[in-house]
Amino acid sequence: MEKGSPRVEIGKPKNINPDELNVAEAARIIQLKESSQQPLPDPDNWLDEELKRNVLVTTVDAMLGWSRRYSTWPVNFGLACCAFEMIASASSRFDLSRFGMDIFRASPRQADLMIVAGTLTWKMAPVLRRIYDQMAEPKWVLAMGACAISGGTFRESYSVVPGVNRIVPVDVYVPGCPPRPEGLVYGITMIHEKESKSSVAEIRGHDQRHS
Amino acid sequence: MTTVFNVEYAAKKIIEAFPDSVAVVVKVAVVVNSNSLYQVAEFLKDTSGFEFDYLNNLTAVDYIDYFEVVYNLNSLEHNHSLVLKTRCYDRNRPVVPSVISLWRAADYQEREIYDLMGITFEGHPNLKRLLLWEGFMGHPLRRDYL
């Protein structure tokens, strides 16, 4: 502030008669009282807004695809070392719960997705097929790792199935030995895209050769 | 720590108890004839000073001329170990006596060897394939299996 500038008193009105203030206040009160003889209506326009939001126009396919996509429950099928990467994917660091698929079901009847994680031997193959058959439609299969895709290093072996697609139809193949959890999560997002594009009319997993 | 039992001494004691039972003594193991294997195993398990009461591992090797069955024995009492071996030369029908009545751990191991090597363990109560399925042709860990 410059030296010698006039001092201003803030907040103190000048030359106002207190009586005038009282009169003005009374006038405002009387006016408000006269204009407030009827109660204000309760705000109910939000009801209309909610109604607007609740009426969605979509297709059944899109809605079912959306709901399937966000509640894909995988069935436990860890066969070999890939299973540990699958477990890591479900744990806190990679956190499959982000996609609504944190519940690894022990029962195939409650599952939508079978992650075949590891080497499939011929002795295990009937079990895999049986669990696949027990899963309810619609169902998806993800082949995880080199062994599940093609038999991997054991392809020429006497006891290993050279690729689980000999037993069940496979939707997504995730390569790696074993794949990192990021890879598995990427494969699962591809499964999600398939789910959101699937149709109600489509019968999935119907394998003429086996059933 | 587990000490390795003196192989020469073990062989000497076995020969004292069962003459003609030891085929050859190699650097790390006593190789006995298969027809006296059970008596030797029983002797090694029950004789004080040996007391090999624990069968660590039981496996077999195909040396083309013969099969060699390997017993890795341990004593929890004395904390020492010994390798016992036996050989069977008949490729078409290799037979070894079962030691399941001495060590229960031999059960699955003998079944695995029967499955993959085709060695019959005489006296095993449930000798059938362990890893492969019934009806599998051949024994895949044999050197002549293709």
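Located above this text is the structure these notes cover.
Quantities reported herein were computed from a predicted structural model and do not represent experimental measurements.

1. Section: the overall build of chain A
When its secondary structure is counted, chain A shows seven helices and four strands. Taking all 211 residues of chain A together, 31% fall into the buried category. Summarising the internal contacts of chain A: among those between residues at least 6 apart in sequence, 79% fall at separations of at least 24. When the accessible surface of chain A is split by element, carbon and sulfur atoms take 57% of a total near 14400 Å².

2. Quick notes on the sheet that holds strand β1 (residues 74-75) of chain A
Residue and element names in this part refer to chain A. Here we have four strands laid out as an open sheet, ordered β1-β2-β3-β4, and parallel in their pairing. Strands with a single pairing partner mark the edges of an open sheet, and in this sheet they are β1 and β4 (172-174). Of the strand pairs in this sheet, strand β2 (residues 113-117) and strand β3 (residues 140-144) are connected by five bridges, and their pairing is parallel. Of the residues in β3, the one forming a bridge with Met114 is Val141. Strands β2, β3 and β4 of the sheet are contacted by helix α7 (residues 181-197), whose axis makes an angle of about 160° with β3.

3. Structural notes on the nonpolar core
With 34 residues, the main nonpolar core has B:Leu44, B:Tyr71, B:Leu84 and B:Ile119 as its most contacted residues. Secondary-structure elements contributing two or more residues to this core are α1 (7-17), β3 (29-33), α2 (37-46), β4 (54-62), β5 (67-75), β6 (80-88) and α3 (106-117) of chain B. When residues in this core are grouped by element, the largest group, five residues, is from α2(B). Not counting chain neighbours up to four residues away, the residues in contact with B:Tyr71 comprise B:Leu37, B:Leu55, B:Asn57, B:Leu58, B:Leu82, B:Val83, B:Leu84, B:Thr86, B:Val96, B:Pro97, B:Val99 and B:Phe121. Within the second largest apolar cluster, 19 residues are counted, among which are A:Met114, A:Leu128, A:Met135 and A:Val141.

4. Structural notes on the pairing of β3(B)
Residues and elements named next belong to chain B. The element β3 is extensively covered by neighbouring structure, given that four of its five residues are classed as buried. As defined by bridge partners, strand β2 (residues 22-25) adjoins β3 across three bridges and the pair is classed as antiparallel. Paired with Val24 across the bridge in β3 is Val31. In this structure, the hairpin formed by β2 and β3 is closed by a connection of three residues. Direction of pairing for β3 relative to β6: parallel, over a ladder of five bridges. If you follow Val31 over to β6, its bridge partner there is Lys85.

Thresholds, definitions, all that
- Residues numbered from 1 in each chain as written.
- Chains lettered and ligands numbered in written order.
- Predicted model: local features only at pLDDT ≥ 70, side-chain atom pairs only at ≥ 80, totals over all residues.
- Heavy atoms only, no water.
- Helix = DSSP H or I, 4+ residues; strand = E, 2+ residues; numbered from the N terminus.
- Buried < 20%, exposed > 50% of the residue type's maximum accessible area, 1.4 Å probe, protein only.
- Contact = heavy atoms within 4.5 Å.
- Areas by Shrake-Rupley, 256 points an atom, 1.4 Å probe, with all protein chains shown as cover.
- Pairing = 2+ DSSP bridges.
- Axes fitted to C-alpha atoms, helices over the stretch in contact; angles between N-to-C directions.
- Core = buried A, V, L, I, M, F, W, Y, C linked by side-chain atoms within 4.5 Å.

Everything listed is a geometric property; what it means functionally is a separate question.
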